[in-house]
Structure formats: structure tokens, C-alpha cells
Amino acid sequence: MSRTSDACRSHCPINFVLETFGDRWTLLIVRDLMFKQKQTYGGFLESDERISTNILAERLKRLEAHGIIERHGPKGQRQVYALTSKGRDLLPVMLEITAWSARHDAATNTPPEFLQAYEANPEGVKAAVLAQLDGAGPDPD
């Protein structure tokens, strides 16, 4: 299902993003898929932020409905989640958010090497993350 701003309060691009990702959990799931190689429900539950099961289930459904992620595996068995091309298109935004936070949060857990590499060669970092996504297999629970 392709969602447009017709379903939103306005056609403003910032509003569209907020109505798609406007809570604390949705981008963290994208982060886990993109940077932490988490691909299963159990993997997401192990994240430091401690998302509750009901919120995780709802956010996964929302992300799938918006075409950001897709789910693989037989119904009733362990599902493996992956970013769609639409989800992968969030990579530059996610990298910029990470770099901005690393520059402005003295307590960040972002490795200083990431910020140095990203500032020196953003396209190289982007290519490395995409290569990792292309080679990612299911995470063990």
C-alpha cells in the first residue's frame, strides 16, 4: 500500500514525515533494522529502550502498512523483517540524525570513529551501510 499525504492533516512534507514516524518507537525500529542487524520480533525486544510487546507489534504493522518494512516467513512461524527500498531511502536521514546527535549530545553512545568517517566521507559510510544491509541475514533470537 502506497500512502500519500492525502491521508494526513495537510500536504506539508514535514507533516507527512511526522504522521508516518512521529513517535519515539518507529524510528528506533528502523534504526535496529538499518544499523543493528535486528530482523526479528525477539531481536527488537532486546533493544536498550525496552519497547513493550503491544507497542512493538503495532509499530511493525504500521511500518509494514506504510511500505517501510516487509515481513518474510510462513504465517504462524517466526517472521523476519527487512527494510523495503522505501525504508532504505531513509538512510541519509538516519545518518544525518545520528551525526547531529553525536555533535550535540555529550553523552551519546555514537562511536567517535563514526562521526569522523561520516564527516570525511558521507557517501562512503552510506555505501558501507547499504552493503551491510545487502549482506544481512536473519538474526538469531
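Structure: above.
Keep in mind that this is a model prediction, so the values were computed, not measured. (Residues numbered from 1 in each chain as written. Predicted model: local features only at pLDDT ≥ 70, side-chain atom pairs only at ≥ 80, totals over all residues. Heavy atoms only, no water.)

A. Local environment of empty space enclosed by the protein. In this structure the tally under the stated criterion is 1 cavity of 30 Å³ or more. Roughly 70 Å³ of volume is contained in the largest cavity. Around the largest cavity, the lining residues are Trp25, Leu28, Ile29, Arg31, Asp32, Phe44, Ser47, Glu49, Arg50, Ile51 and Leu56. When residues of the lining of the largest cavity are assigned to their parent elements, the largest contribution, 4 residues, is made by helix α2 (residues 26–35). Here the lining of the largest cavity is composed, by residue class, of 6 nonpolar, 1 polar and 4 charged. (1 Å grid on protein atoms, 1.4 Å probe; cavity = no way out; pocket = protein on both sides within 12 Å on 5 of 7 lines; lining within 4 Å. Points joined across faces, edges and corners; volume = space filled by probe spheres on them. Helix = DSSP H or I, 4+ residues; strand = E, 2+ residues; numbered from the N terminus. Nonpolar A, V, L, I, M, F, W, Y, C, P; charged D, E, K, R; others polar.)

B. A look at the packing of α2 against helix α4 (residues 53–65). Across the interface, α2 lies against α4 with an axial gap of 10 Å and an inter-helix angle of 75°. Considering their axes alone, α2 and α4 lie roughly perpendicular with respect to each other. On α4, the residues touching Thr26, Ile29 and Val30 of α2 are Leu56, Arg59, Leu60, Arg62 and Leu63. Split into classes, the residues belonging to the contact of α2 with α4 amount to 5 nonpolar, 1 polar and 2 charged. (Axes fitted to C-alpha atoms, helices over the stretch in contact; angles between N-to-C directions. Parallel < 35°, antiparallel > 145°, perpendicular 65-115°, else oblique. Contact = heavy atoms within 4.5 Å.)

C. Quick look at unusual backbone geometry. Even without being glycine, glutamine 37 reaches a positive phi, approximately 55°. Relative to the elements of secondary structure, glutamine 37 occurs in the loop between α2 and α3 (41–45). Assessed through its relative accessible area of 27%, glutamine 37 is described here as partly exposed. The residue arginine 50 is not glycine, and still its phi comes out positive at about 60°. Relative accessible area serves as the criterion here: at 64%, arginine 50 is assigned to the exposed category. (Buried < 20%, exposed > 50% of the residue type's maximum accessible area, 1.4 Å probe, protein only.)

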